[in-house]
Amino acid sequence: GENVEQHPSTLSVQEGDSAVIKCTYSDSASNYFPWYKQELGKRPQLIIDIRSNVGEKKDQRIAVTLNKTAKHFSLHITETQPEDSAVYFCAASRDSWGKLQFGAGTQVVVTP
Amino acid sequence: GAVVSQHPSWVICKSGTSVKIECRSLDFQATTMFWYRQFPKQSLMLMATSNEGSKATYEQGVEKDKFLINHASLTLSTLTVTSAHPEDSSFYICSAETGGSRTEAFFGQGTRLTVV
């Protein structure tokens, strides 16, 4: 089955700096890669996703890149703000929006 | 976005009892729902795929007789934790796939289960 690895497990950044989280996946047939933000005790919230026919996608301060050959994808957050502090999960899926294999998560702390 | 409601938000039960958790899609029909479990400071682990009108598909290592899933309608899936034990204490979250122009999954708010 699919295996998703995520790094780093924790990330501390100064407000205004950029944050980068990287994930690798094992199943070359995976074609959907969402990123979720989860605050403590809350449900995961989709922040951006990318499909395998696209190499990069951007939404304001958030961007995701996908390298299908290397089987890795990354989340980039620019101009970080304290409200970006949360746990971020990458995930991978084959032909399903909901049947997701999640990475281990990254605790992001943005300090003012 | 689409709304998925989960009930209850939290529950405390005694060891050996059963607990039912409901997952409802409020403004769309969900032929497929998913149940995840999340232990503290860990990732979400898929437990099973719930298909309306048919048996659920369980992930490897998940006991189907312990975690009963019923998806009797297009808007409701239930997860029953039978004979709960303290090690079943966890955060259980459902999600539902939307269809049509909205191709993503939406999560319920989760249920914090504590077995004492």
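The residue numbering used here restarts from 1 in each chain and proceeds along that chain's sequence as written. Key to labels: chains lettered from A, ligands numbered from 1, both in the order written. Residue-level local features of this predicted model are given only where pLDDT is at least 70; pairs of side-chain atoms are given and counted only at 80 or more, and the full residue set underlies all totals for whole chains, interfaces and linings. Just so you know, side-chain values use all the structure's heavy atoms and leave hydrogens and water out.

By the criteria applied, helices consist of DSSP H or I runs no shorter than four residues and strands consist of E runs no shorter than two, each listed in order from the N terminus. Summing up its helical and strand segments, chain B has zero helices and eleven strands in all. Mapped from its N terminus to its C terminus, chain B presents α and β elements in the order β-β-β-β-β-β-β-β-β-β-β. All radius of gyration figures rest on C-alpha atoms, and the globule criterion is 2.2 Å times the number of residues raised to 0.38. Taking 116 residues into account, the globule formula puts the C-alpha radius of gyration at 13 Å, and chain B, at 13 Å, falls close to it. Considering only C-alpha atoms, chain B reaches an extent of 45 × 25 × 20 Å along its principal axes. Buried means the residue's accessible area, taken with a 1.4 Å probe over protein chains only, is under 20% of the maximum for its type, while exposed means over 50%, and partly exposed covers the values in between. Relative to its full complement of 116 residues, chain B shows a buried share of 50%. Counting only carbon and sulfur atoms, one obtains 51% of the accessible surface of chain B, whose full area is about 5,700 Å². In chain B, 10 positive and 10 negative side-chain charges are present, and the distance between their average locations comes to 6 Å. Methods summary: accessible areas were calculated by the Shrake-Rupley approach with a probe of 1.4 Å, and residue burial reflects only the protein chains presented. Think of it this way: Lys and Arg go in the positive column, Asp and Glu in the negative one, and His and the chain ends go nowhere. Charge coordinates come from a single atom per side chain, which is NZ of Lys, CZ of Arg, CG of Asp or CD of Glu.

The next thing to look at is the interface of chain A and chain B. Counting residues at the interface gives 18 residues for chain A, matched by 21 residues for chain B. Salt bridge criterion: a side-chain nitrogen from Lys or Arg within 4 Å of a carboxyl oxygen from Asp or Glu. On inspection of chain A and its partner chain B, the count reaches one salt bridge. When the shortest N-O distance is used, the salt bridge between Glu59(B) and Lys99(A) registers 4.0 Å. At the level of elements, β4 (32–38) and β5 (45–51) of chain A are the ones that each hand at least two residues to the side of chain A that touches chain B. Residue contacts are counted whenever heavy atoms from the two residues lie within 4.5 Å of one another.

So, on to a nonpolar patch on the surface. Like charges within 9 Å and nonpolar side chains (Val, Leu, Ile, Met, Phe, Trp, Tyr) within 5 Å are joined into patches, using only residues over 30% in relative accessible area that form no salt bridge. A contiguous nonpolar surface patch, about 380 Å² in accessible area, is contributed by Trp10(B), Ile12(B) and Val116(B). Of note, Val116(B) is situated in the segment after β11 (111–115).

This next bit is on unusual backbone geometry. Cis geometry is found at the peptide bond from His7(A) to Pro8(A), where omega equals 0°. For Pro8(A), the position within the fold is in the loop between β1 (4–7) and β2 (10–14). Following His7(B), the chain continues into Pro8(B) via a peptide bond in cis, with omega recorded as 0°. On the secondary structure map, Pro8(B) appears in the loop between β1 (4–7) and β2 (10–13).

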